[in-house]
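# An overview of the molecular structure
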Amino acid sequence: MDRIVYDRMAEHDSTHWWYVARRDILADYIARYVQPSKGARILEIGCGTGHNLPMLGAFGTVDAIEIDEAARDVASKRLGRDVGTAPLPELDGVAEGQYDLIAVLDVVEHVEDDVAALAGMAKRLKPGGTILITVPAHQWMWSAHDVVNHHKRRYSKASLTAALDKAGLKWRKLRWFNSLLFPAAVAARLAGKLTGKDDSDDSPPAKPLNWAFEKIFALERHLLGRVPMPPGLSIIVLAQPKD
């Protein structure tokens, strides 16, 4: 990702509506559908500034990987110990068969060979372990945001399940994610393209709007996995190695 993306993440990851609400939604999703055992070992790959680590730490002992040096330094301070540097798809130095849960949250879309990356993650799971994956959805939503984040692609449900299948993974709980604000996001991106103002600035909006977006997005905590969701900005899925 461009340096400015990491800088904005470090500045806003505790207050931006997207980060705050997503952590609440993911925590509830893990509790309901992963249900890690007591003492679970968890790995977050591509942890950025480490803003998800305290949330994941509520479910077990967390290790983390981040390839950007500055973001890794911030994440290491949050974790209280060194964050690793092993890049995907090889994950060199990450022992196989060690983790009950691997969280890969808006990371797979950054990797050229997503199938190899997913297969590499699968090798690091304990028997019965799970990979929690979120990715951006809809290639037609491609914008300056994807460019500065160095995305290789955005996914459809079909393209994501095809990659999982090629990697030797079965999946469950494949759902649209960030659906309630999707119409507003589509309108904003279409307007940006029509006016030539396709903006990559991910800074939070004014406080009242930031508060409103957070509350609306956070409502998905009560819906995700329980009821069918309309198309959203992202896709979430749980994956495990095929028997």
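In the block above lies the structure referred to throughout.
In this report, the structure presented in the accompanying data block is examined. What you see is a predicted model; the values in this text were computed from it and never measured.

Another aspect to go through is unusual backbone geometry. Note the cis peptide between Leu88 and Pro89, where omega equals 5°. With respect to the helices and strands, Pro89 occurs in the loop between α4 (69–79) and β3 (99–105). In this structure, His138 is a non-glycine residue whose phi angle is positive, near 70°.

Here we come to the pattern of salt bridges. Under the defined criterion, the tally for this structure stands at eleven salt bridges. A salt bridge links Asp28 to Arg32; its shortest N-O distance comes to 2.6 Å. A residue pair is termed a helical-turn pair when its members lie 3 or 4 positions apart in one helix, as Asp28 and Arg32 do in helix α2 (residues 17–34) at four residues. Assessed through its relative accessible area of 19%, Arg32 is described here as buried. Ionic pairing is found between Glu112 and Lys152, a salt bridge with its closest N-O pair at 3.7 Å. In this pair, Glu112 sits in the loop between β3 and α5 (114–123) while Lys152 sits in the loop between α6 (144–148) and α7 (157–166), placing the two residues 40 residues apart along the sequence. When salt bridges that share partners are traced, they join Arg41, Asp63 and Arg81 into one network.

For α5, the set of buried residues is Asp114, Ala117, Leu118, Gly120, Met121 and Ala122. Packed against the buried residues of α5 are β1 (40–45), β3, β4 (125–136), α7, β5 (169–177) and β6 (234–241).

All right, on to the packing of α2 against helix α9 (residues 207–218) then. Where α2 contacts α9, the axes come no closer than 8 Å and their chain directions differ by 20°. Classed by the angle they form, the pair α2 and α9 counts as roughly parallel. In the packing of α2 onto α9, the handedness of the crossing is right-handed. On α9, the residues that touch Trp17, Trp18, Val20, Ala21, Arg22 and Ile25 of α2 are Asn210, Phe213, Glu214, Phe217 and Ala218. For the contact of α2 with α9, the per-class residue count stands at eight nonpolar, one polar and two charged.

Rules of the game
- Residues numbered from 1 in each chain as written.
- Predicted model: local features only at pLDDT ≥ 70, side-chain atom pairs only at ≥ 80, totals over all residues.
- Heavy atoms only, no water.
- Helix = DSSP H or I, 4+ residues; strand = E, 2+ residues; numbered from the N terminus.
- Salt bridge = Lys/Arg side-chain N within 4 Å of Asp/Glu carboxyl O.
- Buried < 20%, exposed > 50% of the residue type's maximum accessible area, 1.4 Å probe, protein only.
- Contact = heavy atoms within 4.5 Å.
- Axes fitted to C-alpha atoms, helices over the stretch in contact; angles between N-to-C directions.
- Parallel < 35°, antiparallel > 145°, perpendicular 65-115°, else oblique.
- Left-handed = near helix turned anticlockwise from the far one by under 90°.
- Nonpolar A, V, L, I, M, F, W, Y, C, P; charged D, E, K, R; others polar.

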